[in-house]
Amino acid sequence: MEIGQRLPPHSPDCAGCGPGNPAGLGLEVVRTAAGVEAVHRFSDAQVGAPGIAHGGAVALAFDDLFGFALYTVGSLAVTRSLTIEYHAPFWLHRPYTFSAHVAQREGRRLLLRADAWDDAGQKAGSAAATFVVVSLGHFAAGAEQVMGRDD
Ligand SMILES: CCCCCCCCCC(=O)SCCNC(=O)CCNC(=O)[C@H](O)C(C)(C)COP(=O)(O)OP(=O)(O)OC[C@H]1O[C@@H](n2cnc3c(N)ncnc32)[C@H](O)[C@@H]1OP(=O)(O)O
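Residues numbered from 1 in each chain as written. Predicted model: local features only at pLDDT ≥ 70, side-chain atom pairs only at ≥ 80, totals over all residues. Heavy atoms only, no water.

**Student:** Describe the site of the ligand, with residues and values.
**Tutor:** Surrounding the ligand, one finds 14 residues, the nearest of these being Asp63, Thr79, Arg80, Arg108 and Arg109. Taking Thr79, its main chain carries an N or O atom lying 3.0 Å from a nitrogen atom of the ligand. At 3.1 Å, a side-chain N or O of Arg109 approaches an oxygen atom of the ligand. Relative to its unbound accessible area of 1200 Å², the ligand is 55% covered by the protein chains. Broken down by secondary-structure element, the contributors of at least two residues to the shell around the ligand are helix H1 (55-69), strand E3 (77-86) and strand E6 (123-133). (Near = heavy atom within 4 Å. Polar contact = N/O pair within 3.5 Å; in protein donor to acceptor, adjacent residues only side chain to side chain. Areas by Shrake-Rupley, 256 points an atom, 1.4 Å probe, with all protein chains shown as cover. Helix = DSSP H or I, 4+ residues; strand = E, 2+ residues; numbered from the N terminus.)

**Student:** Tell me about a nonpolar patch on the surface, and name the residues and values.
**Tutor:** Residues Leu76, Leu136 and Phe139 make up a contiguous nonpolar surface patch of roughly 300 Å² in combined accessible area. Within the secondary structure layout, Leu136 lies in the loop between E6 and helix H2 (140-148). (Patch = residues over 30% accessible without salt bridge, like charges linked within 9 Å, V, L, I, M, F, W, Y side chains within 5 Å. Salt bridge = Lys/Arg side-chain N within 4 Å of Asp/Glu carboxyl O.)

**Student:** Residues and numbers for the nonpolar core, please.
**Tutor:** Counting 37 residues, the largest nonpolar core has Phe42, Phe90 and Phe98 as the members making the most contacts within it. Counting only elements with at least two residues in this core, the list comes to strand E2 (36-41), H1, E3, strand E4 (95-106), strand E5 (109-117) and E6. Beyond its immediate chain neighbours, meaning those up to four positions away, Phe90 contacts Phe42, Gly51, Ile52, Ala53, Val58, Tyr96, Phe98, Ala116, Ala124 and Gly125. (Core = buried A, V, L, I, M, F, W, Y, C linked by side-chain atoms within 4.5 Å. Buried < 20%, exposed > 50% of the residue type's maximum accessible area, 1.4 Å probe, protein only. Contact = heavy atoms within 4.5 Å.)

Below, the structure is given as C-alpha cells:
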C-alpha cells in the first residue's frame, strides 16, 4: 500500500464505505504515512439535532475508519469497544478530516486511535477502540446467512 492510495471498501454494501449502500456514509479512505484518512461531509440522511450529524453516524465513521487502519497491520479484527469524544458539533455538509492509526498491539488486542478535524483546523472529535484479531471463520456464519436469504 502506497501513501495516498485509495483503499478498497470492506464490502460493496458496507454501511461505512460501501459504494452500493445508499443509506451508508460512502467513506473514501486513503493510506497516509501514519495510518489512514478520510474527508467526509455528513448529509441530511445522518441528521440528529437540526443541522448537526447524529452522534451514532459520527461513531460509524470512526469505527469504519478503524476497520481501514487494520489494512496497515495486515490483521483481520473486529471492534470490541469504541469510545468517542465529541468535542464540537459535526455540522452537516461541512468537510471533516478523519484520521486513524493502530497505536499498539498486545496479543490479539489492537488499540486504535483517531481524530476528526473541521475545515478550520479545530478538533471536532476523537476516538479510541479496542479491536480483537479474529480468523476468517469469524465472518463465515454471516456470509452463509446472506447467501441463503431469499427476501
Ligand atoms: C472483512 C473486513 C473486516 C473488517 C470490517 C471492519 C468494519 C468496522 C468494524 C466493525 O464494525 S466490527 C463489527 C462489530 N463488532 C463485533 O461484531 C464484534 C463482536 N464481538 C465478538 O465477536 C467477540 O467478542 C470477539 C471476537 C471480539 C472476542 O471474542 P473472543 O472470544 O474471540 O475473545 P475474548 O473475549 O477471549 O478476548 C480476546 C482478547 O481480547 C481481550 N479483550 C476483550 N475485550 C477487551 C476490551 N474491551 N478491552 C481490552 N481487551 C479486551 C481479552 O482480554 C483477550 O485478550 P488475550 O487474548 O490477551 O487473553
